[in-house]
Structure formats: structure tokens, C-alpha cells
Amino acid sequence: MSDIPHATTLDDSLALLREGYTYIARRCDRLGADLFATRLMLKPVICMRGAEAARIFYDGDRFTRQGAMPQTTLWLLQDAGSVQQLDGAAHRQRKQMFMGMMTPEALAAMEALLARRWREAVARWEAREEVVLLEASAEVLTRAACDWCGVPLPEDEAPELARELAAMVENAGGVGPGVLLALGLRQRTEARLRRLVERVRAGEAQAPAGSPLAVIVAHREPDGSLLDSTVAAVELINLLRPLLAVNRYITFAALALHEHPDWRDRFAAGDEADLEPFVQELRRFYPFFPLIGGRARENFEWSGHAFAEGDWVLLDLYGTNHDARLWPEPEQFRPERFRNWAGDPHTLIPQGAGDFLGGHRCPGEWITIAILKQAVRLLCREMRFEVPPQDLSVSLARMPAAPASGFVMSRVRGKAARAAA
Ligand code: HEM
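Residues numbered from 1 in each chain as written. Predicted model: local features only at pLDDT ≥ 70, side-chain atom pairs only at ≥ 80, totals over all residues. Heavy atoms only, no water.

## Section: the coordination of the iron atom of the ligand
Just one protein atom donates to the iron atom of the ligand; it is Cys362 (SG), sitting 2.3 Å from the metal. With respect to the element layout, Cys362 can be found in the loop between α14 (317-321) and α15 (365-381). (Donors = N, O, S within 2.8 Å, 3.2 Å for Na, K, Ca; no water. Helix = DSSP H or I, 4+ residues; strand = E, 2+ residues; numbered from the N terminus.)

Shown next, in the form of C-alpha cells:
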């Protein structure tokens, strides 16, 4: 690794924890390079950022996700046996299963389910003095996600499942006492979904026709076998958990609308011309996944560096979304920048880069955008609320990030209540 700059310290784990989302970009700026070598958790690693780095990392079959993340992060997020841990033809076949779920009709169905669950929740929020949007939207999304997936969820179990799924996201950073608790909760969720898969296969429970549950239960591996029931449960969680995780973007949407009331007024008036640019800017601007890890599957050269099979590499997602060469004035929230955006797959990369089927780009990107558009409509057009004094700061050292207060709303009133008043 002597051909590329090295970060100066012996091990940078503490610096990564301290600097969070800005860790890689700061060093790239300081070293004047898009890649550098360092050590994390005492292991050698190459960090890189930028559109060209994203292309190298995502296009082709150069990297595997196996052995590329701390174990606890893997267990809490994608887990063993999941699509993300597969490579080559096996990955493509499983990924096709996910992409097949993301039809325009299915996205529209999710928008409708979200609106229904949101309206029900607003009626409950009206009775409360204050509502923390980060938590409240997690529960709404859990209900909508289960509806969408075809997973039965008794009314009173939604808060508990929301807590279980949220704990997986909250603790994915892999440090702190919450990790063990989150792992325990995850085992419970996994066991519940495994039983559901087994009952559907035994004809004791119904999976709605065409639902993701029905698709996963019937999906076949390249060798023709059904998915093992544990793997099927893991892939169901790989729908439910990230669908809930969109609560962070919804909370950031509320923050952006609060801080840029001109946008809120436009959406409230029904002007949706810039709704998609607004949502894209949300995904670019606000922190979510800081980085993604991979291990080289082959020897290759890039940017004057010889990568060897087995090398551990981290790609900076947040830093690429804030790279001033790609996004002028990156620290300004400016949806206008997406008005005529050509859709380059390697520059806006909060959910990965490159191609969906050929690589590990997030299959949930379109549904995330659909949910966010609908959430902006619901926040602006279906309810009124006040934003009491609170700490809305977003620490870039905390991964995953969120406004410190979780975005507290008071005096929530829904459209129906407003019309009757
Ligand atoms: C909440 C917003 C989301 C963010 C920030 C996000 C982020 C990401 C990222 C960065 C990756 C790429 C991982 C890699 O390169 O290895 C990824 C992959 C994945 N995401 Fe998402 N995601 C989100 C929502 C979703 C949703 C809504 C779903 C499902 C409905 C989903 C399901 C998946 C799956 C299954 C993969 C693995 C894909 C593969 O390995 O081929 N994600 N996500």
C-alpha cells in the first residue's frame, strides 16, 4: 500500500468514531487524494471517495461484502445468507427477486398504505401533547411495511415490532451496550418470521397473492431448492427493517420543511413540480449510511494503486454525496440542483451506486423515494403542528444520525379535525 498516502496515526478507529460521517472526506481533503491507506480495528484498510471510486467499487464483480463489516453490523443489518452476502450468479438471481417486487403498482400501493396508516396515526397524535416524529413515524412505517409485505401484524403488536426493527438500525454502528439487546430482539423477530414462513409453506397461514411474503416463500435458489426458512426470514427482515428506517429520512424531511418554509408552502399549495428534486436533495444532503465496506475479489489497479485480492476497502457514501466537485456548494440544501439532473448512478449514492442487478445497489431506492414523496405530501397537506423549542442539531459523529430531539411536534391537528373546527 506504499504507493498511496497513509493517514498518519497507527490506528484510526477512535478518529472514525469521533469524526463519524466526515472521517474519510477530511483525510482525502488533507492528503489531496481520493484514496488513502490506514488501519481500523487494527486491520489495514483503504478508504476512498468520489464518483470514480464509486464506479470502481460497484461496477463489475471486483468486491464482495463477505468479511467486509464488523460481525455485529452484519447480524443487525443484512445478516448471513442474505442477498448482500452473495456474489455473481447467485446474487443476481436473489436480487432479481427483490427488484421484481418494485413494480410501479407496488410502489403506488405502498404510497396508499402509508397514507392510510399515517391518517390513523394523526388521529391518535391529536390526543397527545407532543409527538416525536422519529419514533412515531417508525410505528406508522412498521404497520405500512407489514401491510405491504403481506406479514400479519396484530394491532397491539406494532409498537413492539417497531422497537425491535428500530433497535437493529440504531445499533448498527456496532458499539455501545445497546448492541447485545438489539441482537436479542432481532433473534425474536427472526424466529417470529421463520414460523410465519413455515406456516405458509405448511398451508396453515395465507400469504396474499403477489405479496413479498408470497414471493419469498416460493423463491427458488439457482439449484432449484426453496430458500431455507431462516434465510427467508432474514430476507423478510431485509424488507421490513429498511422500510422502517425510512423514518430517519421522514424526520429529516420535516426538519428541511421547517428550516426552509418556502418549500413547505409550495408543497402545501399542491405544487409538486419540485417534489422529486426535493426528495433527491434530502437523500443527498442528510446523513444516513456513512460508508460501505467491501473486500477485493481479484487483483486490479486503480488510481495508481495495486489492489490485491482480499484487500479491505471502505467507500465514503456521505462524502461522495458532499463532494464539491460533483455538488457545488454541497453544504447548501438546494433541491433546484436536481431539476435537470441526468441521473448519474455514481454521484448520488446514499443507497449505493452502479447497477441494481449487476451489483449491490439498494433495491429499495425507488420505494424509499415513493415513501418520501408521500410523507412530504402528508406532512404539508394533511396536518398542522407546531415545532416547540428543542435541539434540532444533527451530530455527524453519531451514526446513524438524526436530529437530537427526534423532531418534536406539538398541537398536531389532522385535516379532518381542522375542517370540523
Ligand atoms: C432507508 C433508506 C435506505 C438506505 C439509506 C439504504 C441504504 C443501502 C445501501 C447503502 C445499500 C448498499 C449496500 C452495499 O453496497 O453492499 C443497500 C442495500 C440493500 N438495501 Fe437498502 N437502503 C434503504 C432502504 C431500503 C429499503 C426500503 C429496502 C427494501 C424495501 C432496502 C433493502 C436493501 C437490500 C436487500 C440491500 C442489499 C442489496 C444487495 O446486496 O444487492 N433498503 N441499502
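## Quick notes on the side chain of Asp87
Within the secondary structure, Asp87 sits in the loop between α4 (71-76) and α5 (88-99). Within the buried set, Asp87 has no salt-bridge partner at all; the shortest N-O distance to an opposite charge, 4.2 Å, is to Arg297. Among the polar contacts listed, one links the side chain of Asp87 to the side chain of Thr64, at a separation of 2.8 Å. Ignoring anything within four residues of it in the chain, the contact list for Asp87 reads Phe63, Thr64, Arg65, Gln66, Arg297 and His360. (Buried < 20%, exposed > 50% of the residue type's maximum accessible area, 1.4 Å probe, protein only. Lys, Arg positive; Asp, Glu negative; His and termini not counted. Salt bridge = Lys/Arg side-chain N within 4 Å of Asp/Glu carboxyl O. Polar contact = N/O pair within 3.5 Å; in protein donor to acceptor, adjacent residues only side chain to side chain. Contact = heavy atoms within 4.5 Å.)

## Quick look at the pattern of salt bridges
Applying the stated criterion across every chain yields a total of 39 salt bridges. Between Arg248 and Glu170 there is a salt bridge whose closest N-O contact spans 2.5 Å. On the criterion of sequence distance, the pair formed by Arg248 in helix α11 (residues 229-259) and Glu170 in helix α8 (residues 158-170) is long-range, its members being 78 residues apart. In this structure Arg248 comes out as buried when scored by relative accessible area, which is 6%. A single salt-bridge network, built from bridges that share partners, covers Arg116, Arg117, Glu120, Glu139, Arg143, Asp147 and Glu155.

## Here we look at the sheet that holds strand β2 (residues 43-49)
Ordered by their spatial adjacency, five strands build an open sheet running β1-β2-β8-β5-β3, and the pairing between neighbours is mixed. Each having just a single partner strand, β1 (35-40) and β3 (63-64) make up the two edges of the open sheet. Sheet topology note: the β1/β2 ladder contains six bridges and is antiparallel. Opposite Arg39, over in β2, you have Pro44 as the bridge partner. On the sheet, helix α2 (residues 23-31) packs against β1, β2, β5 (291-296) and β8 (312-316) and is oriented at approximately 130 degrees with respect to β1. Against the sheet, helix α3 (residues 51-58) makes contact with β2, β3, β5 and β8, and its axis sits at roughly 135 degrees relative to β8, the strand it touches most. (Pairing = 2+ DSSP bridges. Axes fitted to C-alpha atoms, helices over the stretch in contact; angles between N-to-C directions.)

On their own, these measurements won't tell you what the molecule is for.
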